[in-house]
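For reference, the chains in residue letters:
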Amino acid sequence: MLLMLCTLTNAVRGQENGERGQYSLVAYISGGMGHYATAAGTPVAVNPVTSKWGFAGSVRVLWYPDHLLRIGFESGHMTFYSYKFTDSIGKAGKTSVTGVPLLLVASMPITARLNAFFGTGFYNMTTNLDYGGKTDSHKLAVGWMLAASYVQPLSKDLGVGFELKWMDAAQTVDASIVGQLQLVWKFIKW
């Protein structure tokens, strides 16, 4: 708390003196795996074989002002869970539950390389069923995200990192713990 107070005091002092820091737009391009953290909604009568692992990719763009709070938007695509099944007459099928997050994100640095993120918004949830034909069902669900990332700089405008986050489509009770590798790119400065 003392470190954050000192940092905030220095930033305010700089603004009082008429100094303006650098503004920038920073892209976080991430890919990794998620593990479904709640009970999968699978019917027991069809002997499902459930996979709680799935790909999770995202793109986040944040505005970095000359103070600590950063804001932006995140989207991407993730698979929450999937399962294969066979009915009582031996006919096979498969189902997957995926989501596209549409989140407003706020971020603050904890240290020079460690950052915390919080996002809230919606998940465009899709259930895909392939059983005697293909069909999709869509639902827009309220949700949120909480994350922490560590970024190792490669240059002044480029870095690589690792992020651990909790993705939660709260309205449909779908949640995953996601680990992602990141490319962090400061693509506009002024």
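As the structure is a prediction and not an experimental result, all values here were calculated from the model. In this numbering scheme, every chain counts its residues from 1 along its sequence in written order. Since the coordinates come from a predicted model, pLDDT governs what is reported: local features require at least 70, and pairs of side-chain atoms require 80 or more to be given and counted, while whole-chain, interface and lining totals use all residues. Derived side-chain values reflect all non-hydrogen atoms in the structure, with water molecules and hydrogen atoms excluded from consideration.

*Asks:* Would you mind going over the pattern of salt bridges with me for this structure?
*Replies:* Should the charged atoms of two oppositely charged side chains come close, the side chains can pair. Counted as salt bridges are all cases of a side-chain nitrogen of Lys or Arg within 4 Å of a carboxyl oxygen of Asp or Glu. Using the criterion set out here, one finds 5 salt bridges in the structure. Salt-bridge contacts for E74 lead to K165; the nearest nitrogen and oxygen are separated by 2.6 Å. Residue E74 is located in strand β4 (residues 70–86), and its partner K165 is located in strand β8 (residues 158–169); the two are separated by 91 residues in the primary sequence. We note that E74, like K165, is buried. Note that K189 is salt-bridged to D157, the shortest N-O span being 3.1 Å. Note that K189 is positioned in strand β9 (residues 174–189) and D157 in the loop between β7 (134–153) and β8, a separation of 32 residues in sequence. A relative accessible area of 35% means that K189 is categorised as partly exposed. Only runs of H or I of at least four residues qualify as helices and only runs of E of at least two qualify as strands under DSSP, and these elements are numbered from the N terminus. Working definition: with a 1.4 Å probe on protein chains only, accessible area under 20% of the residue-type maximum means buried, over 50% means exposed, and in between means partly exposed.

*Asks:* Looking at this model, I keep getting lost on a nonpolar patch on the surface. Mind explaining?
*Replies:* Grouping into patches uses exposed residues only, defined as over 30% relative accessible area, and leaves out salt-bridged ones; the cut-off is 9 Å for like charges and 5 Å for nonpolar side chains (Val, Leu, Ile, Met, Phe, Trp, Tyr). In short, Shrake-Rupley with a 1.4 Å probe defines the accessible areas, and a residue's cover is counted only from the protein chains shown. On the surface, a nonpolar cluster with roughly 910 Å² of combined accessible area is contributed by I29, V59, V61, L154, L158, V160, L183, W185, F187, I188 and W190. Of all the elements in the fold, those that place two or more residues in the nonpolar patch are β3 (53–64), β8 and β9. Here V61 lies in strand β3.

*Asks:* Even after reading the chapter, I still don't get the pairing of strand β1 (residues 24–36), so can you show me in this structure?
*Replies:* Consecutive side chains along a regular strand alternate between the two faces of the sheet. Pairing between two strands requires that DSSP report at least two bridges joining them. Both β1 and β3 contribute to a ladder of 12 bridges, which runs antiparallel. Each bridged residue has a counterpart across the sheet, and for S24 the counterpart in β3 is Y64. Where β1 lies against β9, 13 bridges are found, and the strand directions are antiparallel. When the sheet's bridge partners are listed, G34 is paired in β9 with V178.

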